[in-house]
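Notes for the structure review
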Amino acid sequence: EKRHSARNLPLLLEMRKDEPGNPRWILQLAQEYFSLEEYGKSIDAAVSGLEEWKSLRKQIEYAPTHVGATYAYILISLDCLQKYEEEKKWLKKAFEDRLTTLEYMKPTVAFYCAAGARLYAKTKDYETSRDYFVRYLKYLEELGGNRIAIEQGTAAVTAEVFQEQFIYGTILICMQSLIRSEDYSLAEKAFYRLD
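Now for a quick tour of the structure. Each chain has its residues counted from 1, running along the sequence as written. This being a predicted model, a pLDDT of at least 70 is required before a residue's local features are given, and a value of 80 or more before pairs of side-chain atoms are given or counted; all residues contribute to the totals for chains, interfaces and linings. Values reported for side chains reflect all heavy atoms of the structure, with hydrogen atoms and water molecules removed beforehand.

**Section: the packing of aromatic side chains**
Stacked, tilted and edge-to-face are the three classes assigned to paired rings of Phe, Tyr and Trp, where Trp is represented by its six-membered ring and a pair needs centres within 6.5 Å; plane angles under 30 degrees give stacked, over 60 edge-to-face, the rest tilted. All told, the structure shown has 10 aromatic pairs when counted by the stated rule. Seen in terms of ring centroids, Phe-34 and Tyr-39 are 5.1 Å apart; in terms of plane orientation they differ by 55 degrees. Their pairing is tilted. Whether a residue is buried, partly exposed or exposed follows from its accessible area with a 1.4 Å probe, protein chains only, as a fraction of its type maximum: under 20%, in between, or over 50%, in that order. Taking the relative accessible area as the measure of exposure, Tyr-39 reaches 18% and is therefore buried. Joined through ring pairs, the aromatic side chains of Phe-95, Tyr-112, Tyr-120 and Tyr-132 make up one cluster. When the NZ atom of lysine or the CZ atom of arginine is within 6 Å of a ring's centre and also within 35 degrees of its normal, the charge is said to sit over that ring. Its guanidinium or amino end placed over the ring of Trp-90, Lys-93 lies 4.2 Å from that ring's centre, counting from NZ or CZ.

Shown next as structure tokens:
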């Protein structure tokens, strides 16, 4: 996998030059750096790419799922670097982007909710973690079995949002938040979701 990512980097950097602001290449470049565990470069590629895309947005196809997943790579890269305060700022920016208002982007928004639940659990803001977790569960109940919605509303890493491993990871990280915020019924419900 890492060899594949390293091989793709020069090609993607060339594509970025040839098609400035194209969300597909921005996303793929961030994804390849993330795969190589070069989280700082993943963040830099995503942030500069989003800025470039915003300045050229009127000349480029919108591609909300690619833009949404680019935000996701910023969030998970900051999480890997344990830069939680910066991650909070980017979570806010992701939610403020107009893509979150599009009906078919609900699975990507669900990913942001899970990221927020995990982030605030790690920073011991248990109430905020619980609030994000509740929002994530609502999306999971609404869309978890809807393959079409997931395929239309996600790209790259956000496509994992309703997969068992991701769900279980989110529950395990957030369980302390549910207990500490004394939402025992939700903690029990989440616990019994685990296989």
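**Concerning helix α5 (residues 84-96)**
Here a strand is any run of E in DSSP of at least two residues, a helix any run of H or I of at least four, and the numbering for each starts at the N terminus. A helix is expected to reach a length of 1.5 Å times the quantity of its residues less one. Given a rise of 1.5 Å per residue, 13 residues ought to cover 18 Å, and the 18 Å separating the end C-alpha atoms of α5 matches this to within 8%. A contact between two residues is defined here by any heavy atoms of the two lying within 4.5 Å. Elements in contact with the buried residues of α5: α3 (39-56), α4 (64-80), α6 (106-122) and α7 (126-143).

**A word on α6**
With 17 residues, α6 ought to run about 24 Å at 1.5 Å a step, and its terminal C-alpha atoms sit 24 Å apart, in line with that. The buried fraction of α6 amounts to 16 of the 17 residues, a majority that puts the element mostly inside the structure. Among the residues trailing α6, Lys-124 stands out with phi positive, at a value near 65 degrees.

**Things to note about the nonpolar core**
In these notes, a set of buried Ala, Val, Leu, Ile, Met, Phe, Trp, Tyr and Cys residues joined through side-chain atoms within 4.5 Å is what counts as a nonpolar core. Among the nonpolar cores identified, the biggest contains 58 residues, and Tyr-112, Phe-133, Tyr-136 and Phe-162 are the most heavily contacted of them. With 10 residues, the single largest contributor to this core is α6. Listed in part, the seven residues of the second largest apolar core include Leu-9, Trp-25, Tyr-33 and Leu-36.

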